[in-house]
Amino acid sequence: MATMEKMRVSSGFSNPNIHFTNRGFTAVAINDGRIQNPKCVSPENLNVIVKKLCDEGRLHEALDALPLIDRHCIQTNSSTYATLLQSCLSIKAFAESKLIHLHMIKTGCLLDVFLNNKLLMMKTKCGSLEDARQVFNKMPQRNLASWNGIITGYAKHGDCDHVLELYELMQLDGIKPDRFTLTAVVSCCARLMALDRGKQLHGEIRNNGLVSDQVLNNTLIDMYVKCGNMEAANELFDEMPERDVVSWTTIIGGYDKHGDSRKALELFKQMQQAGEMPNPFTIATLLRTCASLADLDRGKQFHGHMIRKGFESDIALMNGLIDMYGKSGNMEDARGVFSEISEKDVISWTAMVAGHAKCGNIVQACKFFHEMPKRNIISWSAMIAGYTESGHGEEALALFGKMRQANMKPDRSAFASILRACSGIVALEQGKQIHVDIIKGAFRSDLILQNALIDMYAKCGIMEDAHRVFRKMSEKKLISWTTMIIAYGRHGHGKEALQLFQQMQKVHMNPNDVTFVGVLSACSHAGLVDDGWHYFDSMIRDHGITPRMEHYGCMVDLLGRNGHLQQACDFISRMPIKPSAAVWGALLSACRVHCNLDIGKYAAEHLFELEPQNAGTYIALSSIYAAAGMLHDASKVRLMMKDRGLRKEPGCSWINIKDTVHAFVQGDQSHLQMQEIYAVLDGLVQQMKEVGYVPDTKSMMQDMDED
């Protein structure tokens with residue numbers, strides 16, 4: 001008895017209504033009258049009292065019964081411990097569960113697999129995976145519930161590597177998995193993008209006769225979607241004997257995620273025809289689809305559906321509406337939705353920032369950003385991206401610096417945006433520093449950022465570093481090869497671009513239409529006319545790719561740059577689609593270089609129809625007239641341009657000195673060191689004259705009032 005009293009006192013719990021005796025304990029009724037009078041309770045009735053106390057939420061009083069458990073009464077002990085652990089689990093009383101665990105060790109009840117499973121569940125639900133694994137490892141016996149407990153515990157906490165490891169051990173232990181095991185393991189394959197392992201599990205599911213299990217099939221579709229295998233996802237979806245709203249939502253979201261938004265909307269139509277009603281998750285997915293397509297009309301239809309179904313209190317859907325309206329260019333309705341949200345979260349504010357930036361209103365985007373009560377990394381990234389996409393690279397770099405000062409750790413999106421900003425203003429030193437930050441931030445192997453680094457180094461003219469990043473990539477996707485090919489082509493390294501294209505084919509990487517734009521552009525910049533024709537024909541014949549406007553534009557540019565103006569003109573006349581302004585612009589630019597007035601006038605006429613407000617067309621045609629000595633006609637074109645109120649956009653260039661970007665705009669004399677800069681320029685001009693340089697001014701326009 002002394003030992004029991006000592007244990008009761010040391011437990012930290014003391015209930016004056018429970019009195020210990022040599023025969024058992026005496027309980028006094030607690031207000032509700034369930035136990036009317038004090039009476040002597042035997043160990044066999046212990047569970048009754050413990051359960052009543054636990055049901056009433058009086059766990060601490062129930063724990064005072066621990067010293068009375070007879071270590072020889074296993075059945076009673078098991079039920080009592082199970083009741084206490086379940087009570088701990090329901091209120092997440094982790095500290096109290098540890099006390100029960102210690103008492104189970106003292107009474108030798110850890111031989112009971114049922115109790116161990118309860119204890120295991122308690123540990124995993126409370127997030128103590130290390131303790132759960134210790135319990136699991138020490139279990140003398142394990143059944144399917146034991147394995148499911150530890151596997152699902154790790155899965156719910158995102159520790160997928162351990163899940164796959166435990167699943168292998170489970171199979172070695174001869175335990176056959178059930179739907180709960182397989183659902184957890186397949187989900188982890190989705191998180192790890194372990195497609196091959198996921199396919200093996202799909203085979204095991206078939207072998208175990210679980211092909212009709214809807215939850216498992218939905219999980220498999222999700223795995224295939226996240227691993228990028230939409231063909232397998234769609235095949236499984238078609239094979240499903242029954243589909244629920246989760247099935248439809250997963251496959252619709254998959255097509256949207258992988259860029260086939262129209263297929264996603266087509267599937268939604270089939271979902272409606274099948275009589276399946278969308279839930280809020282479906283609507284959220286469809287709003288993203290409409291946002292991707294900038295399909296305002298359909299987006300408004302889903303808005304109406306939300307109102308009819310009473311989903312307006314769902315902030316995730318309201319935020320999705322703001323995003324959809326913003327990406328569709330309708331900021332008026334976006335603001336209306338924003339104003340209806342009673343408790344706006346950081347996503348609501350960020351959607352408004354991104355929407356205004358997308359619509360080109362960087363001032364309003366900045367206003368919303370600075371008014372945000374709270375910002376996260378997504379908010380900062382949205383504003384940085386807004387500055388970058390609107391051509392404000394310097395502001396993007398400045399904001400990135402402020403973000404770092406605010407101790408905000410950049411994510412992939414922030415890094416990708418700031419690298420684009422560095423590319424846009426040729427900020428090499430900042431780009432190099434960001435490269436270091438990416439490596440330190442554990443993004444060394446991130447495919448998107450590696451491709452962005454290649455592009456940044458290439459646009460800054462450092463092809464050696466661009467190729468070094470490419471060479472060190474552990475996995476090269478098609479976009480990586482294409483980015484490098486385009487980079488070589490942009491710098492006139494046509495031969496290198498074509499060699500890389502051939503290497504890509506040797507490793508069985510099939511090019512797409514964008515790759516061929518890069519190849520044809522490389523041929524154009526390097527003057528490789530025969531190669532250009534070869535690859536244009538090969539694209540159609542060998543790869544089954546129908547030429548897009550960009551491909552036709554590259555061919556016109558290739559022929560025009562190399563003086564084949566009549567051939568370029570004939571090529572345009574044979575195009576199966578109506579030539580765009582870019583195609584005619586390539587021809588006009590070539591006519592300006594090669595001083596071909598007749599074809600130049602022909603190209604300009606088409607451009608005046610397509611883009612009457614484009615000042616570049618007037619300038620190019622005037623220059624061709626001037627080069628031909630037809631100054632009167634050149635003057636007429638300039639006068640036409642002036643009468644229409646058109647002005648040439650002033651040129652702008654950047655230079656990076658000691659981590660500071662200096663921008664220079666034509667006619668701008670606001671730089672603090674402008675006098676010194678002009679003095680240096682005058683000195684360079686004088687040196688050029690001294691070595692005999694004479695500028696070619698025959699194609700230069702005469703001075704214009706607005707210049």
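Keep in mind it's a predicted model, so treat the numbers as computed, not measured.

A.B. asks: Please set out the overall build of the chain residue by residue, giving values where relevant.
C.D. replies: In terms of helices and strands, the chain carries 38 helices and 5 strands. When burial is assessed residue by residue, the chain has 46% of its 707 residues classed as buried. Within the chain, contacts between residues separated by at least 24 positions form 57% of all contacts whose residues are at least 6 apart in sequence.

A.B. asks: Explain unusual backbone geometry to me, and be specific about the residues and the numbers.
C.D. replies: Phi at A294 takes a positive value of approximately 55°, unusual for a residue other than glycine. Mapping A294 onto the fold places it in the loop between α16 (280-293) and α17 (296-309). On the accessibility criterion, A294 (39% relative accessible area) is partly exposed. The phi dihedral of H508 is positive, around 65°, even though this residue is not glycine. Mapped onto the secondary structure, H508 falls in the loop between α29 (494-506) and α30 (513-526).

A.B. asks: Describe the packing of helix α24 (residues 412-425) against helix α26 (residues 447-459), naming the residues involved and giving the relevant values.
C.D. replies: Relative to each other, α24 and α26 sit at 10°, their axes nearing to 9 Å. In terms of axis orientation, α24 runs roughly parallel to α26. Contacts between α24 and α26 pair R412, F415, A416, L419, C422 and S423 from the former with I448, L449, A452, L453, D455, M456 and K459 from the latter. Its residues assigned to classes, the contact of α24 with α26 comprises 9 nonpolar, 1 polar and 3 charged.

A.B. asks: Requested: an account of the pattern of salt bridges, with residues and values cited.
C.D. replies: With the rule as written, the count across this model stands at 21 salt bridges. The salt bridge involving R412 is made with D446; its shortest N-O contact spans 2.9 Å. Of this pair, R412 sits in helix α24 while D446 sits in the loop between α25 (428-440) and α26; the two residues are 34 residues apart in sequence, bridging distant segments of the chain. Look at D446 and you get buried, because its relative accessible area is 11%. In this structure, D542 engages R541 in a salt bridge whose closest nitrogen and oxygen atoms are separated by 3.2 Å.

A.B. asks: So, the state of the cysteines: which residues are in play, and what are the values?
C.D. replies: Each disulfide consists of one covalent bond between the sulfur atoms belonging to two cysteines. Enumeration over the complete set of coordinates arrives at 0 disulfides. In this structure C227 is a free cysteine whose sulfur lies 7.5 Å from that of C189, the closest cysteine sulfur available.

A.B. asks: Got a sec to walk through the packing of aromatic side chains? Specific residues and values, please.
C.D. replies: For the structure shown, the criterion picks out 19 aromatic pairs. Summarising the aromatic geometry, the rings of F338 and F368 are spaced 5.7 Å apart at their centres and angled 80° between planes, so their arrangement reads as edge-to-face. Of this pair, F338 sits in helix α19 (residues 331-340) while F368 sits in helix α21 (residues 362-371), and the two are 30 residues apart along the sequence. Taken individually, F338 and F368 each receive the classification buried, so the pair is uniform in this respect. The interplanar angle of 80° and the centroid separation of 5.4 Å between the aromatic rings of W584 and Y602 together place this pair among those described as edge-to-face. Within this pair, whereas W584 is found in helix α34 (residues 581-594), its partner Y602 is found in helix α35 (residues 597-610), the two being separated by 18 residues in sequence. Here W584 falls in the buried class, since its relative accessible area comes to 5%. Residue classification places Y602 among the partly exposed positions, given a relative accessible area of 35%. Among the aromatic residues, those joined into a cluster by ring pairs are W533, F536, Y552 and F571. The ring of F180 has R179 sitting right over it, with the charged end atom 5.3 Å from the ring centre. Here the guanidinium or amino end of R375 rests over the ring plane of W380, the centre of that ring lying 5.6 Å away.

A.B. asks: Tell me about helix α20 (residues 346-358), and please be specific about residues and values.
C.D. replies: Note on helix geometry: an α-helix contains 3.6 residues per turn, so any two residues three or four positions apart are oriented the same way. Its 13 residues place the ends of α20 18 Å apart at the C-alpha level, agreeing with the 18 Å of an ideal helix rising 1.5 Å per residue. Of the positions making up α20, those classed as buried are S348, W349, T350, A351, M352, V353, G355, H356 and A357. The inward-facing, buried residues of α20 abut α18 (315-327), α19, α21 and α22 (377-389). Two or three places before I347, at the start of α20, stands the capping residue D345, its side-chain oxygen 3.1 Å from that residue's backbone nitrogen.

A.B. asks: So what's going on with the nonpolar core? Which residues, and what values?
C.D. replies: Counting 177 residues, the largest nonpolar core has I251, M383 and L587 as its most contacted members. V50, I100, L119 and M122 belong to the second-largest nonpolar core, a separate cluster that totals 17 residues.

A.B. asks: Talk me through the packing of helix α9 (residues 160-172) against helix α11 (residues 195-207); I want residue IDs and the actual numbers.
C.D. replies: Remark: α9 packs on α11, axes separated minimally by 14 Å, with the N-to-C direction vectors making an angle of 35°. At the point where α9 passes α11, the crossing takes the left-handed sense. Along the contact surface, α9 presents Y167, E168 and Q171, while α11 presents R197, L201 and E204. Taken together, the residues that form the contact of α9 with α11 break down as 2 nonpolar, 1 polar and 3 charged.

A.B. asks: Outline a nonpolar patch on the surface, supporting the account with residue identities and numerical values.
C.D. replies: On the surface, a nonpolar cluster with roughly 360 Å² of combined accessible area is contributed by Y678, V680, L681 and L684. Tracing the chain through its elements places Y678 in helix α38 (residues 674-690).

A.B. asks: Tell me about helix α13 (residues 230-239), and name the residues and values.
C.D. replies: The set of residues buried in α13 consists of M230, A232, A233, N234, L236 and F237. On its buried face, α13 is in contact with α11, α12 (214-226), α14 (245-257) and α15 (261-273).

A.B. asks: Tell me about a negative patch on the surface, residues and numbers included.
C.D. replies: A surface patch of like charges, here negative, comprises E231, E235, D238 and E239. Exposure remark for D238: the relative accessible area of 48% places this residue in the partly exposed category.

A.B. asks: Got a sec to walk through the environment of S128? Specific residues and values, please.
C.D. replies: Relative to the assigned elements, S128 resides in the loop between α6 (113-125) and α7 (129-138). With a relative accessible area of 13%, S128 lands in the buried category. If we skip the residues at most four places from it in the chain, S128 touches F94 and K123.

A.B. asks: How would you sum up the side chain of T289? Please name residues and give values.
C.D. replies: Following the sequence through the fold, T289 ends up in helix α16. Separated by 3.1 Å, the side chains of T289 and D256 make a polar contact. Apart from the residues lying within four places of it in its own chain, the contact partners of T289 are D256, S261, A264 and L265.

A.B. asks: If you had to explain the environment of E395 to someone new, which residues and values would you point to?
C.D. replies: For E395, the location among the structural elements is in helix α23 (residues 393-405). With 11 residues separating them in the primary sequence, E395 and I384 have C-alpha atoms 8.1 Å apart.

A.B. asks: Now, about the confidence of the model for the chain: what can you tell me, with residues and values included?
C.D. replies: Summarising the model, the chain shows a mean pLDDT of 85, and 86% of its residues fall at 70 or more. Within the model, the stretch residues 1-41 combines pLDDT values under 50 with 69 contacts to residues more than four positions away or in other chains. With pLDDT under 50 throughout, residues 70-75 is counted as low confidence; its partners more than four residues away or in other chains account for 6 contacts.

A.B. asks: Tell me about the environment of M223, and please be specific about residues and values.
C.D. replies: As for its position among the elements, M223 is in helix α12. Remark: the alpha-carbon pair of M223 and C189, spanning 34 residues in sequence, is separated by 6.7 Å.

How each quantity is defined
- Residues numbered from 1 in each chain as written.
- Predicted model: local features only at pLDDT ≥ 70, side-chain atom pairs only at ≥ 80, totals over all residues.
- Heavy atoms only, no water.
- Helix = DSSP H or I, 4+ residues; strand = E, 2+ residues; numbered from the N terminus.
- Buried < 20%, exposed > 50% of the residue type's maximum accessible area, 1.4 Å probe, protein only.
- Contact = heavy atoms within 4.5 Å.
- Axes fitted to C-alpha atoms, helices over the stretch in contact; angles between N-to-C directions.
- Parallel < 35°, antiparallel > 145°, perpendicular 65-115°, else oblique.
- Nonpolar A, V, L, I, M, F, W, Y, C, P; charged D, E, K, R; others polar.
- Salt bridge = Lys/Arg side-chain N within 4 Å of Asp/Glu carboxyl O.
- Disulfide = S-S within 2.5 Å.
- Phe/Tyr/Trp six-rings, centres within 6.5 Å; stacked < 30°, edge-to-face > 60°.
- Lys NZ or Arg CZ within 6 Å of the ring centre and 35° of its normal.
- Expected span 1.5 Å × (residues − 1).
- Polar contact = N/O pair within 3.5 Å; in protein donor to acceptor, adjacent residues only side chain to side chain.
- Core = buried A, V, L, I, M, F, W, Y, C linked by side-chain atoms within 4.5 Å.
- Left-handed = near helix turned anticlockwise from the far one by under 90°.
- Patch = residues over 30% accessible without salt bridge, like charges linked within 9 Å, V, L, I, M, F, W, Y side chains within 5 Å.
- Areas by Shrake-Rupley, 256 points an atom, 1.4 Å probe, with all protein chains shown as cover.
- Lys, Arg positive; Asp, Glu negative; His and termini not counted.
- Charge placed at Lys NZ, Arg CZ, Asp CG, Glu CD.
- pLDDT = per-residue confidence, 0-100.

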